[in-house]
Amino acid sequence: KAAKGAGGRRDSAGAAKKAAAVLAAPAAKAAPSSGKRRPMRDDEQNKTMTPLQRCGHLLNRFLEDPLCDPFLEPVDAELFEGYDEIVDNPMDLGTIHAKLGKTGTKGYRTHDDFLRDLRLVWTNCKKYNNRDSAIWHTADCPHKCSERLFQAWVLAFLPPPDYTRPASAAKPSL
């Protein structure tokens, strides 16, 4: 029982703290420019990017993160007993990356489709594994981070909805 207590929650909590520290670390700054070309400002860049292009930038954040290495390839169901029975729709970051590069019916049509698959990566892991396991916490941190980044990098730059009414319905008659 002592071994379980020492190795169980403490390891999970340590993994969660490490994961939070890695995801909260600021991104590396770009090398100083030679002065020939000024870097594109965030607002200028986002005016020219589609929501799916912004999703690609968000995905790259996770593809480059060593904490997300376990999620880069599909889970081998032969190595993990019962995975196929517990997880209905397996998903991984590599598959998302491949779908993001495709067009038509094999690729993503909207940013919502992308987010649905990204959420599947994290929720599948959390569904299959125990909450006390390190891998559960390893999935929980990028899950929370992906929600925040999606809001800040994708949804924040969508055009506002058009709530205008048709001209014929402008004023109701009394």
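Residues numbered from 1 in each chain as written. Predicted model: local features only at pLDDT ≥ 70, side-chain atom pairs only at ≥ 80, totals over all residues. Heavy atoms only, no water.

Caption draft 1: Layout of the overall build of the chain. Check the secondary structure of the chain and you find eight helices and zero strands. In the chain, the succession of helices and strands from N to C terminus is α-α-α-α-α-α-α-α. Across the 174 residues in the chain, those meeting the buried criterion constitute 28%. Contacts in the chain between residues at least 24 apart in sequence constitute 71% of all its contacts with a sequence separation of at least 6. Taken as a whole, the chain presents about 12400 Å² of accessible surface, with 55% of it coming from carbon and sulfur. (Helix = DSSP H or I, 4+ residues; strand = E, 2+ residues; numbered from the N terminus. Buried < 20%, exposed > 50% of the residue type's maximum accessible area, 1.4 Å probe, protein only. Contact = heavy atoms within 4.5 Å. Areas by Shrake-Rupley, 256 points an atom, 1.4 Å probe, with all protein chains shown as cover.)

Caption draft 2: Quick look at the nonpolar core. Formed by 22 residues in total, the largest nonpolar core has its most connected members in Phe62, Phe71, Leu93, Ile96, Phe114 and Trp122. Mapped by element, the contributors of at least two residues to this core are helix H4 (51-63), helix H6 (93-100), helix H7 (111-128) and helix H8 (134-153). It is H7 that provides the largest number of residues to this core, a total of seven residues. Among all residues touching Phe114, those that are not within four sequence positions of it are Leu52, Cys55, Leu58, Leu59, Ile96, Leu100, Tyr108 and Phe150. (Core = buried A, V, L, I, M, F, W, Y, C linked by side-chain atoms within 4.5 Å.)

Caption draft 3: Seen up close, the environment of Met49. Relative to the helices and strands, Met49 resides in the loop between helix H3 (42-48) and H4. Those residues in contact with Met49, other than ones at most four positions away along the chain, are Arg54 and His57.

Caption draft 4: The packing of H4 against H6, seen in detail. Closest axis-to-axis distance for the H4/H6 pair is 11 Å, and the angle between their directions is 155°. Here H4 lies roughly antiparallel to H6, going by the angle between them. The element H4 and its partner H6 pack so that their crossing is left-handed. Residues Leu52, Cys55, Gly56, Leu59, Asn60, Phe62 and Leu63 of H4 form the contact with H6, whose participating residues are Leu93, Ile96, His97 and Leu100. In terms of residue class, the contact of H4 with H6 is built from eight nonpolar, three polar and no charged. (Axes fitted to C-alpha atoms, helices over the stretch in contact; angles between N-to-C directions. Parallel < 35°, antiparallel > 145°, perpendicular 65-115°, else oblique. Left-handed = near helix turned anticlockwise from the far one by under 90°. Nonpolar A, V, L, I, M, F, W, Y, C, P; charged D, E, K, R; others polar.)

Caption draft 5: Structural detail: the packing of aromatic side chains. Scanning the entire structure with this criterion turns up five aromatic pairs. Arranged with centres 6.3 Å apart and planes meeting at 90°, the rings of Phe80 and Tyr128 form a pair that is edge-to-face. You can see Phe80 sitting in the loop between H4 and helix H5 (83-86) and its partner Tyr128 sitting in helix H7, a full 48 residues away along the chain. Residue Phe80 is classed as partly exposed on the basis of its relative accessible area of 39%. Taking 5.2 Å as the distance between ring centres and 65° as the angle between the ring planes, the aromatic pair formed by Tyr83 and Tyr128 counts as edge-to-face. With Tyr83 in helix H5 and Tyr128 in helix H7, this residue pair connects regions lying 45 residues apart in the sequence. Taken together, Phe62, Phe71 and Trp122 form an aromatic cluster joined through their ring pairs. (Phe/Tyr/Trp six-rings, centres within 6.5 Å; stacked < 30°, edge-to-face > 60°.)

Caption draft 6: View of the confidence of the model for the chain. Residues of the chain with pLDDT of at least 70 account for 67%, and the chain-wide mean is 78. At the low end of the mean pLDDT range in the chain sits helix H1 (residues 2-7), at 35; at the high end sits H7, at 97. Every residue in residues 1-13 scores below 50 in pLDDT, and together they form nine contacts with partners more than four places removed in sequence or on other chains. Ignoring residues within four places in sequence, the model shows residues 15-35, a span with pLDDT below 50, making 18 contacts including any to other chains. (pLDDT = per-residue confidence, 0-100.)

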